[in-house]
Amino acid sequence: MVNSWQGMLDFQPVATLLLTLPSCNIMPIAITRAISQSLKDCELTHLERNPIDLGVARAQHQQYQQALISVGCELISLPEIPDLPDAVFVEDTAVILDEVAIITNPGAVSR
């Protein structure tokens, strides 16, 4: 069974948010990591585990990357780490601007 939300993701809000950032003389950089083949073993704390369709997940990730590129981000795509299913969440750890860096606490050590 595939998650019911798969295929319905819309990355336009991400693109819209990036377009609202103040313009500056440098290109925004987005760092992503390829989805690991072990994604089915990812950290899960508040949802019932459902099977993950790796092909769908990778297609959605590619759409996300294309949304970042479409708003002018330079994309740095890191390779997957086969034994770390949560390594795909590399971009969730920091937002860095000229004046400030926001470091997040992803909650799971694996992220």
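Note that this is a predicted model, so its numbers are computed, not measured. (Residues numbered from 1 in each chain as written. Predicted model: local features only at pLDDT ≥ 70, side-chain atom pairs only at ≥ 80, totals over all residues. Heavy atoms only, no water.)

Participant: Quick question: what am I supposed to make of the overall build of the chain here?
Facilitator: When its secondary structure is counted, the chain shows two helices and four strands. For the chain, the N- to C-terminal ordering of α and β elements is α-β-α-β-β-β. In the chain, which comprises 111 residues, the proportion classed as buried is 23%. With the model as given, the accessible surface of the chain reaches about 7,800 Å², and the carbon-plus-sulfur share is 60%. (Helix = DSSP H or I, 4+ residues; strand = E, 2+ residues; numbered from the N terminus. Buried < 20%, exposed > 50% of the residue type's maximum accessible area, 1.4 Å probe, protein only. Areas by Shrake-Rupley, 256 points an atom, 1.4 Å probe, with all protein chains shown as cover.)

Participant: Mind showing me how you'd approach the environment of S38 here?
Facilitator: You can see S38 is positioned in the loop between strand 1 (29-33) and helix 2 (54-70). Among the residues examined, S38 registers a relative accessible area of 13% and is labelled buried. C-alpha separation for the pair S38 and L54, spaced 16 residues apart in sequence, amounts to 8.9 Å. In this view, S38 contacts P82, D83, L84 and P85; residues no more than four positions away in its chain are not counted. (Contact = heavy atoms within 4.5 Å.)

Participant: Help me out: how do you make sense of the environment of I81 in this one?
Facilitator: Relative to the helices and strands, I81 resides in the loop between strand 2 (74-78) and strand 3 (94-96). Sequence spacing of I81 and R33 is 48 residues, and the spatial spacing of their C-alpha atoms is 8.5 Å.

Participant: When you look at the pairing of strand 1 in this model, what are you seeing that I'm missing?
Facilitator: Taken residue by residue, a regular strand's side chains alternate between the two faces of the sheet. Of the pairings in the sheet, the one linking strand 1 to strand 2 comprises five bridges and is parallel in character. Bridging across to strand 2, I31 finds its partner in I76. Once you follow strand 1 into helix 2 and on to strand 2, the crossover reads as right-handed. (Pairing = 2+ DSSP bridges. Right-handed = clockwise from strand over helix to strand, strands pointing away.)

Participant: I would appreciate a short explanation of the pattern of salt bridges in the present structure.
Facilitator: Should their charged atoms come close, side chains of opposite charge can pair. On inspection of all chains with the given rule, the structure shows two salt bridges. K40 serves as the salt-bridge partner of D41, at 3.2 Å between the closest nitrogen and oxygen. D41 gets classed as partly exposed once you look at its relative accessible area, which sits at 48%. On the basis of relative accessibility, which here comes to 52%, the residue K40 falls in the exposed class. Residues R58 and E80 are paired through a salt bridge, measuring 3.5 Å at the closest nitrogen-oxygen approach. Placement of the pair is R58 in helix 2 and E80 in the loop between strand 2 and strand 3, with a sequence separation of 22 residues. Judged by its relative accessible area of 36%, R58 falls in the partly exposed class. On the basis of relative accessibility, which here comes to 27%, the residue E80 falls in the partly exposed class. (Salt bridge = Lys/Arg side-chain N within 4 Å of Asp/Glu carboxyl O.)

Participant: For this particular structure, what's the right way to read the confidence of the model for the chain?
Facilitator: For residues with low pLDDT, the predicted coordinates do not support detailed interpretation. When pLDDT is averaged across the chain, the result is 75; 69% of the residues are at 70 or more. Ranking the elements of the chain by mean pLDDT puts helix 1 (residues 12-19) last, at 50, and helix 2 first, at 92. This model gives residues 1-9 a pLDDT under 50, and the stretch forms 11 contacts once residues within four places in sequence are excluded. (pLDDT = per-residue confidence, 0-100.)

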